[in-house]
Every structure is written in C-alpha cells, then in structure tokens.
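Listed below, chain by chain, are the residues.
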Amino acid sequence: MTSAEASRPSDPLTSADRARWQELVEQVERARSRYYLQDAPTIADDEYDALFRELVELEELHPQLVTGDSPTQTVGGARAEMFEPVEHLVPMMSLDNAFGVEELRVWAARIERDLTTLPAMLCELKVDGLAVDVVFERGVLRSLATRGDGRVGEDVTANVRFMPNIPTRLHPSGDGQAVPDLLEVRGEVYFPVAAFRGINDQRLDLGLSPFANPRNAAAGNLRQRVDKRERELNEARTALEAAQERGEKSRIRAEERVVRLEGDLSRATQALGALRLVVHGVGAIEGVAPTAQSQAYELLASWGLPTSDRIAVHHDLAGVEAYVARYGENRHDVEHEIDGVVVKVDDFALQSRLGSTSRAPRWAIAYKYPPEVVRTRLLDIQVNVGRTGRVTPFAVMAPVQVSGTTVEMATLHNPSEVVRKGVLIGDMVFLRKAGEIIPEVLGPVVEERTGAEVAFVMPTTCPQCGSTLGPAKEGDADIRCPNTRTCPAQLRERLFHVGSRGALDIEGLGERAASALLDDGLLQDESRLFALTESDLLTSDFFTRHTENGVELNENARKFLSELEKAKTKPLWRVLVALSIRHVGPTASQALATHFASIEAIATASDSELASVEGVGAIIATAVHEWFEVDWHREIVDSWANAGVRMSQERIDVGPQPLAGMTAVITGTLDGFTRDEAKAALVNQGAKVTGSVSKKTSFVVAGESPGSKLDKAESLGVPVLDAAGLRQLLVDGPAILGAVDRDTEG
C-alpha cells in the first residue's frame, strides 16, 4: 500500500465488513494451503483471483483491517515439514496481476510517473509451473528449493539427478565470461503439455482427482521423497528374501509389496524425468554484475542454464501490448502451458529505484490471460449422435465463464472415457477449454463429493430414432447407431458437414439450414442437395420472407443457391471429404484424388490398390471400399454427378519431386495463395506439410500475422520464406533455401 493510499480517509468499518474480511482471509489461506502445500486445489485459479481481489478492495476501503500476516501482505505458500528447510539468499516475491489491457496501462503509467519516462520493458511468458530457487557455488549446484513462503523453501535437491535439463555444473561462456563465485537463480519447473496429459491420465487410472493445472502437477511430482521410496523398496526386497523361508503366503505378500513399490518408484522417476526448468530471474550474484534483465538472461544461457527463447525487449507500451496479444492468440503453439505474460523493467538500476511492496516488486507485473481451467457442477450426462453414427456422451454443466466464453456443455469422448475419468452426475468437476478446442471435462473434484452423485448409464437405444445401439464391429470401442440412412441426427450432421469449411465450404448450409431442409421435407438425405431449386426453397419458412407481393426467397436462400453452384466446381478431394466416409479426412482425400483422379476409379479400386496409396493405409482403404459397396451411398454419388458436381480431375503427372523428404510448415496469410493452395503446391513437389515447427522442419512459409510459429522457426534457425519466396522455391527448387540460411546468418 502506498503512503497516499494509507493516508486516504477510510469508510466506516461495520461488523459485517469485519466478518467478511475474516471470511475472505480464511478462504484465501485455505486455498493457498490446498494449492501450495497439498498440490490439490479444490477451487479454480479464477475463483482464487476473485477472492483475493475482493480482499484487496476491502482492505483499501478499510486500511485498519490490514495486518502484517494478511494474505495481501504476504507471499503465498509455505514449507512442508517433510522437507529440510532452505533459506533463500534473496527472498522470492509474488507478482501483482493485471487482468486486462487497462490495468496494464495503469501500471505502466505509474512506472512512467515515478521514472518520468517509460523505460525499456522485458516481456516473457508466464509459465504455468512451480517457482523454484537454484543456487550454484563456484559453478557447482548447491541446492534446488521450492519457493515456500518466499523466505524459506523446501530442499528438493535430491531429485535433480532425475531431471535432465537442470545442470549440476556450470561452464564458462564461449566468450570467456567466467562463472560467478555465487549464483542464485529463479525459475519455473514445468511439465511439457504432452507429459502433463500423461500424468493426469495416470491419476485418473488410479481413481484420483486430476491435477487442475500443470503447476500443481509439477509441484506434486517435484515434491516427492524419492530417496524415501528407494529405502522402502530396498527394505521390501530384504523382507522378501526373509519371507522365502516362512512359506507361500508370506512370500506372495512380500512379492506384491515389492512389485507395488517398484511401480511407485518407476512412476515417480519417470515423472521427474519429464519435468523441465526455465530460468527467469536472478537472486544473489557475486563476481559478475549484469546491468539489465536481458543481459542477465544472455549470461545465464551462456553458462548452460535453460532460458526462454521467447523473451523480447520493447521500448514502448504498444510493443508490450502487441506481445501480450500475440501470445494470447497463440498460447497453444508453445510447448508448455502459459497463463499470461510477465512484464519487467529491464534495467536493474531502475528496478532498484522502483523498489517493492511487502509481497511484490513494483517494477514487474503479470498480465493474466482468461483462465482455461475452471470448476463447475456437472448437472447431467447426455449423448449426441454424430454423422457416422457414433454415439458420444457429453456433459451438461452449470454455465461457467472459461477462456472468455460461457460454457454449458463439454465432450466426454466415449462411455469408457466416462468410466476412466470417474465422473458422476452431480460432481464438481474441473473443466478445460483451450483456445478453439471443444471444452473437455478433466475429471472430478473427488474431495467435494457429498454421496448424492450418481453414475452415468449409457442408453441402449438411439435417442433420435430408437435403433438398438452397439459397436459397429467386434472390439470397436465406440457405440454406434446402425440406422445410418434415416437416423435424423446422422442425416442432420452429415448434411451440415457437406457445407463445412473442411468439405465443400457452402456458406448458408449451417446447422439451422440443414435442420430446416430435413424438417420441411425438402431432402430425405443428402443425395438431392445439389438438385434443389428456388421453388423447393419457397416451401420452407426458413428460406423465405413475406412481402406485399407474397412469399419470396430471403437473402440467405439466394446466397445458399449461389454457393451450391460454386460448390459443384470444388476439387475432387473436397467431394470425398463431403461424403462422410469414416476415417477419410482432407489428407487421405487429397492422396486418393491425386492418385486415382476420379470418383469412379476410387469406387472400383480394390482394398490393396487403395491401401497402396501413400497416406492411406489398410484401415482407410477398408472404410472406403465398404462405403462404396452400399447402394444408397452410390446413389448419392450418382445424384451429385447428375447435378453437375465435379467427380474427376486431370491426372497429375507426379514427375520429379524436388522437395521430396522435406518438411514444411505454413503459417499466417499468404499473398496470392490460400492455405490449401500453398499446401497442395508443396505436396505436389514431394514436401510433407505439418502443423508445428521443430528441429526437423526444413522450412517455414510465413505470411501476415504468422504467430509464434515464426518465433519458433527463427529460434531454431529454420529457413523462413514469404509468399514470393514460396513462388521462387516452387520454380527453382530447394537450392534457394541455402541462400535463405545465409541471409539469416548475415
């Protein structure tokens, strides 16, 4: 609290205010204990933030409530007694938060006011992990400790031996900069996204609540006494030797204990091996005196410490806001979870001038993105019937804000997944919505159960047509409705799919239009779609409007008819996607269209001929062959062909493949190319086009608004082409990539 704030007249303090303050303090402290000590929060981050902000606002109104041990004056966290204490050389502090651009601007204005000008700002991603303190003495690792209460943390140094990217010895930099005599760094221990999912899968298999976020997963696994597990296992093995002489029952019990402890130890060490460290600050340092945060990061990296390659220094607030917006839109292109951006004054001398409060530095702030994991009540589990007959359970929940939208439903994938996740109707559950991905129920908050929850029972008949449900084939995990031709749900979903962007991209053929076409009797299935006329649509209220002259087509109907005509000219591969053949997506469709060049050739090909096409394989080949053996499927194809839908293409002479063996990534908006056109051009010359950048990527094609994929490419030294470079590549071949490399190095 500033002196100005402290001297501001306070509002009259009522007993209700004091009671609410006490209640908030208890709730915040209880949440901190669950979060920091037990690594098992029962409320979501946004709920905690709301409680904490209410407490701050209440104390601002009534400064007399503020005490030295109030949560607003202390760093969250504490040290568990099971670990030896480690006192940090320099205390570890929390960060104040900004929950929107306006709050970020208020903070920046305060900095500018105090310094008379806005200094250079360092921006870095706020990794969703566990804050740690690492100390090196004369270049040798002395300790790894959790933050604890900010002053004293927990000694987890013994676990470093299982963590591959934490160096135990630092080395002088390439330019001869010696390692400091004493170095204390701050960092974040995190799980890469894939590893975090694997850890949660393990917990669900064991009947435990999933970790709500990667931070708790990292904390729960780093704060393990592996040395204690090893001792217990050695003792159990010794006991097993002794049990051999006491009889069969004793031996079996001893063997079971050894197997259980071996499994526990294996899981623990595997989890530790998946953890990663990224360094994001300096505590104490002797022998070297960097003058700025950015310079310190360069030194840390040169000594062998893992730092982020996504750090940027900006000299104005517009640059900071652009960085925040960029990663807000592309937060899922990063290998680890992030929940915001940390903005720091870069210059160390200016950091010292600005100082700190009792819990947070004034020279840094955390811009928090909308939460992607929240808690809500699971009200019911219902089922949805998809376009291929697959019956999928979905969760109906109490409405909740997540990732900036209100969510009321989420996928549960399949019946076995409901069982595996252990969710019951009535549970409080953790819900995740990452970007544009369909919301997903992570699992139950087991600790919140009251006993009134009930298990989900999968229906035995289709809720849309009454057909008996079951697996399509023996061993099939999915439950399906067998009434593929006339089930209303399947018809509606298939028709909607025809118009989707991934298929024929027919504007005006959305879910409501698809339902109207079927409900009003204009279509019995998708076969007559392209034969629809103005007179057909005039019989449907959805496509018409009433005027003084009678009924006429509305604008949506006219646009829809125009789009139908355009769709008839779409490439053959899009037609294949639109037919809703199981397992056949854009990649397989393009491979089949390129190889066979006509729908008839595909329909008459044998399983082996289909499977021989690169990118198809046996499963897709069987699905295609079986689809074309169904009479009414062939009727759809014939009807579309008779209506003028394009069913063939010129056979492409593959010829030389100058880009064979190369892997490309396309990002951003390209001048003169659609994404599909750019991909097709590269594939035709033998390149493989993927969605993510890695060390194996041969080159990246980047247009406007490329996102973080461009950052990743530049950090890895991957050649980057713009639209003009792509055209040159297609004409001159991969030799130009060497020139791109030289330009980059220069």
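The rules behind the values
- Residues numbered from 1 in each chain as written.
- Predicted model: local features only at pLDDT ≥ 70, side-chain atom pairs only at ≥ 80, totals over all residues.
- Heavy atoms only, no water.
- Pairing = 2+ DSSP bridges.
- Helix = DSSP H or I, 4+ residues; strand = E, 2+ residues; numbered from the N terminus.
- Axes fitted to C-alpha atoms, helices over the stretch in contact; angles between N-to-C directions.
- Contact = heavy atoms within 4.5 Å.
- Buried < 20%, exposed > 50% of the residue type's maximum accessible area, 1.4 Å probe, protein only.
- pLDDT = per-residue confidence, 0-100.

**A short note on the sheet that holds strand 9 (residues 312-314)**
Part 1 of the reasoning: What the five strands build is an open sheet, ordered 2-11-10-3-9; its pairing is mixed. The outermost strands of the open sheet, each flanked by one partner alone, are strand 2 (97-98) and strand 9.
Part 2 of the reasoning: In the sheet, strand 10 (residues 338-345) pairs with strand 11 (residues 364-368) via five bridges, with the strands oriented antiparallel. Across the sheet, the residue bridging to Val341 is Tyr367, located in strand 11.

**A few points about the sheet that holds strand 5 (residues 140-146)**
Part 1 of the reasoning: Ordered by their spatial adjacency, four strands build an open sheet running 5-4-7-8, and the pairing between neighbours is antiparallel. The strands lining the two open edges of the sheet, one partner per strand, are strand 5 and strand 8 (276-286). Across the sheet, the mean angle from the axis of one strand to that of its neighbour is 25 degrees, orientation sign disregarded.
Part 2 of the reasoning: With six bridges connecting them, strand 4 (residues 130-137) and strand 5 associate as antiparallel partners. Its bridge partner being in strand 5, Val135 is matched across the sheet by Ser143.
Part 3 of the reasoning: Along the sheet face, helix 6 (residues 214-222) touches strand 4, strand 5 and strand 7 (182-190) and points at about 50 degrees away from the line of strand 4.
Part 4 of the reasoning: Taken strand by strand, helix 9 (residues 293-302) contacts strand 7 and strand 8, and its axis lies near 110 degrees from that of strand 8.

**A look at the pairing of strand 4**
Part 1 of the reasoning: Counting buried positions over the eight residues of strand 4 gives seven, a clear majority of the element.
Part 2 of the reasoning: Following strand 4, the chain reverses through two residues before pairing antiparallel with strand 5; Arg138 in that reversal takes a positive phi of roughly 50 degrees.

**Concerning the confidence of the model for the protein**
Part 1 of the reasoning: Confidence along the protein averages 84 in pLDDT terms, with 90% of residues attaining 70 or more.
Part 2 of the reasoning: Taking the mean pLDDT of every element in the protein, the minimum, 42, falls on helix 1 (residues 3-7) and the maximum, 96, on helix 22 (residues 631-642).
Part 3 of the reasoning: Across residues 1-9, where pLDDT falls below 50, the model places four contacts with residues more than four positions away in sequence or in other chains.
Part 4 of the reasoning: Note on residues 742-746: pLDDT is under 50 here. Beyond four places in sequence and across chains, it has zero contacts.

**Here's the deal with the pairing of strand 7**
Part 1 of the reasoning: Counted residue by residue, strand 7 has nine buried out of nine residues, so it is predominantly covered.
Part 2 of the reasoning: Of the two faces of strand 7, the one lined by Leu182, Glu184, Arg186, Glu188 and Tyr190 and the one lined by Leu183, Val185, Gly187 and Val189 are each fully buried.
Part 3 of the reasoning: Inspection of the sheet shows strand 4 paired to strand 7 by eight bridges, in the antiparallel sense. Residue Glu137 lies in a different strand from strand 7, and its bridge partner there is Leu182.

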